[in-house]
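Analysis of the macromolecular model
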Amino acid sequence: MTSTIPVFDGHNDTLTRIRKPGEERSFLERSDRGHVDLPRAREGGLCGGFFAIFTASPGYVRTAKPLFDAEGREVPGGVAYDLPPRLERRRALAFTLSIMSDLFRIEAESGGEVQVVRTAEEVRACREEGRLSAVLHIEGIEAIDTRLEALDVFYEAGLRSLGPVWSRPNAFGHGVPFDFPRGPDTGPGLTAAGRRLVEACNRLGILLDNSHLNEQGFWDIARLSDAPLVATHSAAHALCPSPRNLTDAQLDAIASSRGIIGVNFHVGFLRADGDGSGREPTPMTEIVRHARYIADRIGVEHVGLGSDFDGAHMPEDLGDAAGLPRLLDAFREAGFDESEIRQIAYENWDRVLADTWEA
Ligand SMILES: [Zn+2]
């Protein structure tokens, strides 16, 4: 069975990935590298999504170390990593502007096939008229000053979503490490600047993404924000105890805010053993397993997709964006009906974007 349901996606790292030295490719031409380009998006029914700008910490190498619990005992099979160091603002700003420019150039060169969207109505129109919608998202806002002046400028340029932190500390809050197994309560909440950021994003209509944020920061946003709570690319901690995933209490809070979880496709956030290496194959039914858990706990209206395409290790039987129809078939085989699949594929995102941007 081939699906005709379009998919709107909560997160990709394609803009950064396609200019990685040695892996450069054009977004507009089909490639067998990575996961997303325009031809593969068309083939898979990917109608749009969040296009992240992410600035890496220079020189950081992720090195696995033993994990210790709060009592200082080594956790068998556990793994810990040092957080990447703080990122210098000047470097983040230069890189962010450069990637933003890439996206605007892709839009300009696409002959009307790609549109940077600023309203929920534009997202809908792109889907119905066959253009790929791109929501400009910054993942970890080291490029923004604590007076939030750059925020105003980025908003005017089209920024409609941001994650205050990636998995490292910055002037706004603290990101979770990639340790496993571990809970997301890994440090203090938002800074004073982070709390001002919440107010500013509410006022401007910028979506605040909780993926990568630690638990105290999440509860600060839950308390301060008047927008739906969103995790664009995370999964269920009860099924895979990564600090990148959401506890049941966090899922409940997202539901009561009328928010959404974009279920991440990264095998290390899906598998019960947290193994993201790809040493063993992982079926895409793992994505469905997390979606089912979240839907059963808080309702299917809070489930979306947040692939992490071009930034993570995909289930081998999904492959890339062209494999999305197979994923929707896996939802069917698991007993989701067509109206539920439509909600997960794009309708829930439509609602949250409208509620966030137009409130
Ligand atoms: Zn991420």
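Below, the structure is looked at part by part.

When helices and strands are tallied, the protein chain shows 12 helices and 9 strands. Radius of gyration (C-alpha) of the protein chain: 19 Å, near the 21 Å computed for a compact globule of 359 residues. For the C-alpha atoms alone, the extent of the protein chain along its principal axes is close to 55 × 45 × 45 Å. Each of the 359 residues in the protein chain was classed as buried or not, and the buried ones make up 60%. The contacts of the protein chain with a sequence gap of at least 6 include a subset with a gap of at least 24, amounting to 71%. Surface accessibility of the protein chain: about 14000 Å² in total, with carbon and sulfur atoms responsible for 50%. Charged side chains of the protein chain number 39 positive and 56 negative; the gap between the two group centres comes to 4 Å.

The protein atoms that coordinate the zinc ion are Glu139 (OE), His212 (NE2) and His233 (NE2), at distances of 2.1 to 2.2 Å. Coordination of the zinc ion draws on donor residues from a single chain, spaced E-x72-H-x20-H in sequence. You can see His212 sitting in the loop between strand S6 (207–208) and helix H7 (215–224) and its partner His233 sitting in strand S7 (residues 230–234), a full 21 residues away along the chain. Given a relative accessible area of 5%, His212 falls into the buried group.

A word on the nonpolar core. Membership of the largest hydrophobic core comes to 101 residues, with the highest contact counts inside it found for Leu151 and Leu327. Among the elements that line this core, the one with the most residues is helix H12 (residues 338–357), at 8 residues. Leaving out residues up to four positions away in the same chain, Leu151 has contacts with Ile144, Leu159, Leu162, Leu197, Ala200, Leu204 and Ile206.

This part takes up the state of the cysteines. Taken as a whole, this structure holds 0 disulfides when the rule is applied. Counting only cysteine sulfurs, Cys126 is the nearest neighbor of Cys47, a cysteine outside any disulfide, at a range of 8.7 Å. Of the residues examined, Cys126 reaches a relative accessible area of 0% and is grouped as buried.

With that settled, consider the side chain of Arg351. Turning to its location among the elements, Arg351 is positioned in helix H12. At a separation of 2.9 Å, a polar atom in the side chain of Arg351 contacts the main-chain carbonyl oxygen of Glu301. Among residues more than four places away in sequence, those in contact with Arg351 are Arg258, Gly259, Glu301 and His302.

Turning our attention to the packing of helix H5 (residues 149–157) against helix H6 (residues 192–204). Packing of H5 against H6 brings their axes to within 11 Å, and their N-to-C directions diverge by 25°. By the angle between their directions, the pair H5 and H6 is classed as roughly parallel. In the packing of H5 onto H6, the handedness of the crossing is right-handed. Each of Leu151, Asp152 and Tyr155 in H5 lies in contact with H6, whose residues at this interface are Leu197, Ala200 and Leu204. A per-class count over the contact of H5 with H6 returns 5 nonpolar, no polar and 1 charged.

Criteria and thresholds
Residues numbered from 1 in each chain as written. Predicted model: local features only at pLDDT ≥ 70, side-chain atom pairs only at ≥ 80, totals over all residues. Heavy atoms only, no water. Helix = DSSP H or I, 4+ residues; strand = E, 2+ residues; numbered from the N terminus. Rg over C-alpha atoms; globule rule 2.2 N^0.38 Å. Buried < 20%, exposed > 50% of the residue type's maximum accessible area, 1.4 Å probe, protein only. Contact = heavy atoms within 4.5 Å. Areas by Shrake-Rupley, 256 points an atom, 1.4 Å probe, with all protein chains shown as cover. Lys, Arg positive; Asp, Glu negative; His and termini not counted. Charge placed at Lys NZ, Arg CZ, Asp CG, Glu CD. Donors = N, O, S within 2.8 Å, 3.2 Å for Na, K, Ca; no water. Core = buried A, V, L, I, M, F, W, Y, C linked by side-chain atoms within 4.5 Å. Disulfide = S-S within 2.5 Å. Polar contact = N/O pair within 3.5 Å; in protein donor to acceptor, adjacent residues only side chain to side chain. Axes fitted to C-alpha atoms, helices over the stretch in contact; angles between N-to-C directions. Parallel < 35°, antiparallel > 145°, perpendicular 65-115°, else oblique. Left-handed = near helix turned anticlockwise from the far one by under 90°. Nonpolar A, V, L, I, M, F, W, Y, C, P; charged D, E, K, R; others polar.

Keep in mind these values describe shape, not function.
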